[in-house]
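Now for the letters of each chain:
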Amino acid sequence: MNDGPSAPADLAEDTALTRPFAGASPYEEYVRASVLSSLQQPLTEAADEMGFLVTTQVMELWFTLIVHEWRAAREALVKDDLPAALDALTRSRRALSALNDSWRPIAALTPLQFEGFRAAFGRASGFQSAMYRHIEFLLGEKSAALVRAHRGDPAVHEALGDAHREPSLYDEVLCFLHRQGLPVPAHVRERDVTLPHTSDPAVVELWRGVYAGSPYDPPAVLAEALTDIAELVARWRFDHLMVVRRAMGAKPGSGGTAGLAYLEQRARRVVFPELWEARGAL
């Protein structure tokens with residue numbers, strides 16, 4: 001006997017979706033979405049402040065992931081595990097692309113829109129981001145002064161101090177290449193890693209030789225992975241410059257920097273300069 005229409009095929013799924021949870025949902029316990037959604041505390045009624053806060057916080061999350069991946073790549077290189085290092089660099093490249101896209105919600109802020117909430121955050125500035133300093137230190141852009149700037153927060157200060165004293169990602173790249181038989185000079189391998197990395201003619205020549213060979217050789221593949229990262233970092237810095245130029249022109253930065261002039265100086269800084277100089281030597 002026909003008891004009527006059959007139950008919808010997705011009834012079991014619907015039941016699972018609507019069954020009460022014993023406490024927080026597994027999704028909430030894992031992602032902590034309610035914590036993330038509670039972190040936005042606008043200080044004004046300005047319509048654009050919420051987008052500014054969310055954008056900034058999302059960027060901090062991307063910084064955290066990029067630092068995680070570059071540390072993983074660095075550790076893999078120490079172990080001479082190039083495939084694992086390349087995997088981590090590839091993941092970081094995807095994260096950097098997403099980071100760069102994060103500018104879009106605030107990229108078109110006008111000066112009037114920005115001024116609607118700028119005074120509310122006082123002297124707060126992206127210049128003060130500790131996680132961004134970790135990114136710069138991993139790129140070899142070391143600065144003891146920027147470590148000292150965070151001494152008011154002991155945990156942050158200690159973590160940045162450790163990062164300042166550790167070899168950068170690029171330092172470990174060069175040590176890896178030396179162990180693979182490439183001519184990395186001793187003065188480069190044994191340099192004071194607390195100082196900013198500067199271009200060395202012998203390393204430029206090393207990369208020139210790598211590029212003169214097969215593009216499929218492991219050092220060449222590594223070189224291009226690093227070049228991808230350098231280019232994406234440069235694009236992030238340029239986009240930062242353009243967002244600030246559009247929103248506030250040449251006004252001083254809220255954190256005490258020269259604002260636009262400071263960002264212009266940062267945008268001119270080349271990441272992994274020897275990789276770029278080698279191209280002109282071919």
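The structure presented is a predicted model; accordingly, all values stated were derived computationally and were not measured.

Caption draft 1: The overall build of the chain, seen in detail. Counting secondary structure elements, the chain contains 15 helices and zero strands. In terms of overall dimensions, the chain is more spread out than a globule: its C-alpha atoms have a radius of gyration of 24 Å, far above the 19 Å expected for 282 residues. Taking all 282 residues of the chain together, 38% fall into the buried category. Pairs at least 24 residues apart make up 71% of the contacts formed inside the chain by residues separated by at least 6 positions. Surface exposure of the chain reaches about 15600 Å², of which carbon and sulfur atoms provide 59%. Of the side chains in the chain, 29 bear a positive and 37 a negative charge, and the two mean positions are spaced by 7 Å.

Caption draft 2: Just the environment of arginine 91, in detail. Inspection of the secondary structure puts arginine 91 in helix α5 (residues 82-101). Considering only alpha carbons, one finds arginine 91 and aspartate 162, 71 residues apart in sequence, at a separation of 24 Å.

Caption draft 3: Seen up close, the layout of surface pockets. Its boundaries defined by the atoms lining it, the largest pocket holds a volume of some 1000 Å³. As for the largest pocket, its lining consists of 43 residues, and the residues nearest its centre are Phe52, Ser125, Gly126, Phe127 and His240. Taken together, the elements giving at least two residues each to the lining of the largest pocket come down to α4 (49-78), α7 (130-138), α13 (218-248) and α14 (260-267). If you tally residues by element for the lining of the largest pocket, the top one is α4, at nine residues.

Caption draft 4: Quick look at the environment of arginine 179. Along the polypeptide, arginine 179 turns up in helix α10 (residues 169-179). Not counting residues within four places of it along the chain, the set of residues in contact with arginine 179 comprises Leu77, Val78 and Asp80.

Caption draft 5: Molecular detail of empty space enclosed by the protein. Using the criterion set out here, one finds two cavities of 30 Å³ or more in the structure. For the largest cavity, the calculated volume is near 50 Å³. Lining the largest cavity are Phe63, Trp70, Leu96, Leu99, Tyr132, Ile135, Val233 and Trp236. Only α4, α5, α7 and α13 provide two or more residues apiece to the lining of the largest cavity. The residue inventory of the lining of the largest cavity, partitioned by class, reads eight nonpolar, no polar and no charged. Of the volumes computed, that of the second largest cavity is approximately 50 Å³. Lining the second largest cavity are Val67, Arg71, Arg74, His134, Phe137, Leu138, Lys142, Ala163, Glu166, Pro167 and Ser168. Listed by contribution, the elements that provide at least two residues to the lining of the second largest cavity are α4 and α7.

Caption draft 6: Main features of the UniProt feature "binding site: substrate" (unreviewed entry) in the chain. Here the UniProt-annotated "binding site: substrate" (unreviewed entry) positions come out as Arg118. Here arginine 118 shows up in the loop between α6 (111-115) and α7.

Caption draft 7: Local environment of the UniProt feature "binding site: heme" (unreviewed entry) in the chain. When the UniProt feature table is mapped onto this chain numbering, "binding site: heme" (unreviewed entry) sits at His240. Within the secondary structure layout, histidine 240 lies in helix α13. In this structure, histidine 240 is in contact with Trp103 and Leu263, ignoring residues within four places of it in sequence.

Caption draft 8: Seen up close, α4. The first and last C-alpha atoms of α4 sit 44 Å apart over 30 residues, in line with the 44 Å expected at 1.5 Å per residue. Turning to α4, the residues buried within the fold contact α5, α7, α10 and α13. Just past α4, the residue aspartate 80 takes up positive phi, approximately 60°.

Caption draft 9: Here's a closer look at a nonpolar patch on the surface. A surface patch of nonpolar side chains, about 740 Å² in accessible area, is lined by Tyr27, Tyr30, Val31, Val35, Leu36, Leu39 and Leu61. Among the elements of the structure, α2 (26-31) and α3 (33-37) are those that each provide at least two residues to the nonpolar patch. Sorting elements by how many residues they give to the nonpolar patch places α2 first, with three residues.

Caption draft 10: Region of interest: the packing of aromatic side chains. Scanning the model with the defined rule gives 11 aromatic pairs in all. Residues phenylalanine 114 and phenylalanine 117 carry aromatic rings whose centres are separated by 5.5 Å and whose planes lie at 85° to one another, so their mutual orientation is edge-to-face. Pair check on accessibility: phenylalanine 114 and phenylalanine 117 agree, each one buried. Arranged with centres 6.3 Å apart and planes meeting at 55°, the rings of phenylalanine 117 and phenylalanine 121 form a pair that is tilted. Under the relative-accessibility criterion, phenylalanine 121 is labelled partly exposed at 21%. Members of the aromatic cluster, connected to one another through ring pairs, are Phe52, Phe114, Phe117 and Phe121. Between arginine 279 and the ring centre of tryptophan 276, over which it is positioned, the NZ or CZ distance is 5.2 Å.

Basis of the calculations
- Every chain begins its residue count from 1, and numbering advances along the sequence as written.
- In keeping with the model being predicted, local features are shown solely for residues with a pLDDT of at least 70 and side-chain atom pairs are shown and tallied solely at 80 or more, while totals for entire chains, interfaces and linings include all residues.
- Excluding hydrogens and water, the side-chain figures rest on all heavy atoms present in the structure.
- Counting from the N terminus, the helices are DSSP H or I runs at least four residues long and the strands are E runs at least two residues long.
- A radius of gyration in this sense is built from C-alpha atoms; the matching globule rule multiplies 2.2 Å by the number of residues raised to 0.38.
- Relative accessibility decides the category of a residue: with a 1.4 Å probe and only protein chains considered, values under 20% of the type maximum give buried, values over 50% give exposed, and everything between is partly exposed.
- By definition, residues are in contact when any of their heavy atoms lie within 4.5 Å.
- In short, Shrake-Rupley with a 1.4 Å probe defines the accessible areas, and a residue's cover is counted only from the protein chains shown.
- By the counting rule applied here, Lys and Arg register as positive and Asp and Glu as negative, while His and the ends of each chain are not counted.
- A charged residue contributes its charge at one atom only: NZ of Lys, CZ of Arg, CG of Asp or CD of Glu.
- Buried and open spaces are told apart on a 1 Å grid over the protein atoms alone, a cavity being a set of points where a 1.4 Å probe fits but cannot get out and a pocket being an open set with protein on both sides within 12 Å along at least five of seven lines. Residues with an atom within 4 Å of a point are the lining residues.
- Grid points are joined across faces, edges and corners, and a volume is the space filled by probe spheres set on the points.
- Throughout this entry, Asp, Glu, Lys and Arg are counted as charged residues, while Ala, Val, Leu, Ile, Met, Phe, Trp, Tyr, Cys and Pro are counted as nonpolar. The remaining residues, Gly among them, count as polar.
- UniProt positions are given in the numbering used here, feature names are shortened, and annotations may be inferred rather than shown by experiment.
- How far a helix is expected to stretch is found by multiplying one less than its residue total by 1.5 Å.
- The patches reported here contain residues having more than 30% relative accessible area and no salt bridge. Joining distances are 9 Å for like charges and 5 Å for nonpolar side chains (Val, Leu, Ile, Met, Phe, Trp, Tyr).
- Salt bridge, as used here: a side-chain nitrogen of Lys or Arg that lies within 4 Å of a carboxyl oxygen of Asp or Glu.
- Two rings from Phe, Tyr or Trp (for Trp, the six-membered ring) form a pair when their centres sit within 6.5 Å of each other. Planes less than 30 degrees apart are called stacked, planes more than 60 degrees apart edge-to-face, and all others tilted.
- We call a charge positioned over a ring when the NZ of a Lys or the CZ of an Arg lies within 6 Å of the ring centre and within 35 degrees of the ring normal.

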